[in-house]
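Listed here are the chains, written in short residue letters.
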Number of protein chains: 2
Amino acid sequence: MPQPETLFSQMPKLKPDTHRARRENILDAAFTCFARGGFHATTMQAICREAGISPGALYVYFDSKEALIAGLCERDRAEFAERFARLAEAPDFLEALAAIGEHYFVAESHEKQRFVVEMGVEATRNPRIAEIFMGVDKYCSASFEALFQRLKDEGRIAPNVDIPTLAKVFSVLGDGMFWRRAIEPKADMRSVLPVIIEMVGALLNPTDELPVARKAAAFEVRR
Amino acid sequence: MPQPETLFSQMPKLKPDTHRARRENILDAAFTCFARGGFHATTMQAICREAGISPGALYVYFDSKEALIAGLCERDRAEFAERFARLAEAPDFLEALAAIGEHYFVAESHEKQRFVVEMGVEATRNPRIAEIFMGVDKYCSASFEALFQRLKDEGRIAPNVDIPTLAKVFSVLGDGMFWRRAIEPKADMRSVLPVIIEMVGALLNPTDELPVARKAAAFEVRR
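Everything quoted here is computed from the prediction, not taken from an experiment.

**Notes on helix α8 (residues 127-153) of chain A**
Residue and element names in this part refer to chain A. The end-to-end C-alpha separation of α8 is 37 Å, in line with the 39 Å expected for 27 residues at 1.5 Å each. Where α8 starts, the residue carrying a side-chain oxygen 3.1 Å from the main-chain nitrogen of arginine 128 turns out to be asparagine 126. A positive phi of about 70° marks glycine 155, the residue just after α8.

Dropping the structure here:
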């Protein structure tokens, strides 16, 4: 996919802001189409119709469905990076983690989560999608692994925690929540998320006063 | 899908065992094709070729890709029911759970897990697949919920554990492991699974002597 800078230099007639807005508009339309019909059933023509542009205009920005997926995944990665930066600086890690979890597993639309899991499945067969999707996946898990290492170095989590295993288990917890919301829009993530956060707390700090299940049991009163 | 009994009465020329073997052979061929190319790219013709039968013979048993998926999901459900029956009777629940986890998340082929997650995604758009897939999903989680309730009634888990929330969290843990192996065949589930089992142990029994993270840290020596 050409970089925006290259595009702008090739197309001096439009201002960079206009290009950016057009590109965003196309990505929004592509997301709508992919979310509605899935990757395979969605055609470039349908995306043009949704965006209200000609095929020629679309191909200036994205030459394939894969390029559109790359654009959408990169947008997700950038959003994650922004949220992650706030999490990494938060004084209370678990509280900030609960807030990020609230965004991704409760507030975020079911369509968005379905898009993510659909791209994951597509990545197992389509090498171009694999490169994009697994790249974002690795970026997210590496970010958490580095943060756990930093928390360990700062003495904020137990010194004997095995960081690589912790990061893998952490990914599995996030994957499971993504998957559940994606296939079951009405899944009750509000009751699941606090228990998962407690589990992460127990993993990070074995000396925590409250064992994970005692807190889990406490959620009974809220239901 | 016609029941085997109906089929047999319609086709008196072949013995029931022969019918069963043919049906199994077709399901094996269908799984091979779906695993290779995915649900959408797989044609009934490709399945006939793989099974070495004519379209006429295939349609006697399965009239659509959805009917084949129903047959495959039902086979998975029956296998789960068998494993679950042994788990439910095991004296040491966590040990038996680790064994079932070992089967599904370490020994089971990546192709099988990818098939499961692909059907989950397909279920979000295809009502016939949704009925089949979500039916199996609910069967599995209801089995675990009933078992947790039984363990609670028998005083084998903490009396204050909130069973419905526990069952939901438990599903999320299993979902996450399925998903991870499905999209990343080389994912190191051998180091993840014991930590997940410990987490479940902590959820079931807050009075457990070893907090979950101390045990998680102990896995460091095994890596």
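**Quick notes on the interface of chain B and chain A**
Contacts between the two partners involve 54 residues from chain B and, on the opposite side, 54 residues from chain A. Note on chain B versus chain A: buried area summed over both sides is about 4,500 Å², and carbon and sulfur give 66% of it. It is B:Arg125, B:Val172 and B:Trp179 in chain B that bury the most area against chain A; as a group they hold 14% of the surface buried on that side. Between the two partners, chain B and chain A, sit eight salt bridges.

**So, the relation of the copies chain B and chain A**
Aligned on chain A, chain B shows an RMSD of 0.0 Å; the corresponding rotation is 180° and the shift along the axis is 0.0 Å. What the superposition gives is, in effect, a two-fold axis relating one chain to the other. In terms of C-alpha distance to the rotation axis, chain B has B:Gly176 as its closest residue, with the C-alpha 1.8 Å off the axis. Comparing interface residues between copies, 100% of those in chain B also sit at the interface in chain A, which points to an isologous, same-surface contact.

**A few points about the state of the cysteines**
Two cysteines whose sulfur atoms are joined by a covalent bond form what is called a disulfide. Residue and element names in this part refer to chain A. Under the criterion given, the structure shown has zero disulfides over all chains. No disulfide involves cysteine 33; its sulfur sits 9.3 Å from that of cysteine 48, the nearest cysteine. The structure places no disulfide on cysteine 73, whose sulfur is separated from the nearest cysteine sulfur, that of cysteine 140, by 10 Å.

**Overview of the environment of B:Tyr61**
Residues and elements named next belong to chain B. By the element assignment, tyrosine 61 lies in helix α4 (residues 55-61). Once the C-alpha coordinates of tyrosine 61 and glycine 176 are considered, the two residues, 115 residues apart in sequence, prove to be 34 Å apart. Of note is the side chain of tyrosine 61, whose polar atom sits 2.6 Å from the side chain of histidine 19.

**Structural notes on the packing of aromatic side chains**
Across all of its chains, the model carries 27 aromatic pairs over all chains by this definition. Note on A:Phe105 and A:Phe178: the rings are 5.3 Å apart at their centroids and 85° apart in plane angle, and the pair reads as edge-to-face. Of this pair, A:Phe105 sits in helix α6 (residues 93-107) while A:Phe178 sits in helix α9 (residues 163-183), placing them 73 residues apart in sequence. Through a chain of ring-to-ring contacts, three or more aromatic side chains come together here, namely A:Phe80, A:Phe84, A:Phe93, A:Tyr139, A:Phe144, A:Phe148 and A:Phe170. Across from the ring centre of A:Tyr139, 4.6 Å away, lies the NZ or CZ of A:Arg77, which sits over that ring. Geometry around B:Phe39 places B:Lys65 over its ring, the cationic atom sitting 4.7 Å from the centre.

**Overview of the environment of A:Val161**
Residue and element names in this part refer to chain A. Mapped onto the secondary structure, valine 161 falls in the loop between α8 and α9. On the accessibility criterion, valine 161 (3% relative accessible area) is buried. With 42 residues separating them along the chain, valine 161 and leucine 203 place their C-alpha atoms 7.8 Å apart.

**Overview of the domain arrangement of chain A**
Residues and elements named next belong to chain A. When the domains of chain A are assigned, the result is domain 1 (1-63) and domain 2 (74-222). Counting from both sides, the interface comprises 10 residues of domain 1 and, opposite them, 10 residues of domain 2. Across the domain 1 to domain 2 interface the summed buried area is about 830 Å²; carbon plus sulfur atoms make up 56%. Its largest share of buried area at the contact with domain 2, domain 1 owes to Phe31, Ala35 and Phe39, together 59% of the area lost on that side. At the junction of domain 1 with domain 2, the criterion picks out two salt bridges. Between glutamate 24 and arginine 75 there is a salt bridge whose closest N-O contact spans 2.8 Å.

**A closer look at the packing of helix α10 (residues 189-204) of chain A against helix α9 (residues 163-183) of chain B**
Put simply, α10(A) and α9(B) touch, their axes get as near as 9 Å, and they point 70° apart. The angle between α10(A) and α9(B) falls in the class roughly perpendicular. From α10(A), A:Met189, A:Ser191, A:Val192, A:Val195, A:Ile196 and A:Met199 reach across to α9(B), where they touch B:Thr165, B:Lys168, B:Val169, B:Val172 and B:Leu173.

Cut-off values and rules
- Residues numbered from 1 in each chain as written.
- Chains lettered and ligands numbered in written order.
- Predicted model: local features only at pLDDT ≥ 70, side-chain atom pairs only at ≥ 80, totals over all residues.
- Heavy atoms only, no water.
- Helix = DSSP H or I, 4+ residues; strand = E, 2+ residues; numbered from the N terminus.
- Expected span 1.5 Å × (residues − 1).
- Polar contact = N/O pair within 3.5 Å; in protein donor to acceptor, adjacent residues only side chain to side chain.
- Contact = heavy atoms within 4.5 Å.
- Buried area = accessible area lost by both parts, 1.4 Å probe.
- Salt bridge = Lys/Arg side-chain N within 4 Å of Asp/Glu carboxyl O.
- Least-squares fit on C-alpha atoms with pLDDT ≥ 70 in both.
- Disulfide = S-S within 2.5 Å.
- Phe/Tyr/Trp six-rings, centres within 6.5 Å; stacked < 30°, edge-to-face > 60°.
- Lys NZ or Arg CZ within 6 Å of the ring centre and 35° of its normal.
- Buried < 20%, exposed > 50% of the residue type's maximum accessible area, 1.4 Å probe, protein only.
- Domains from an automatic or database assignment.
- Axes fitted to C-alpha atoms, helices over the stretch in contact; angles between N-to-C directions.
- Parallel < 35°, antiparallel > 145°, perpendicular 65-115°, else oblique.

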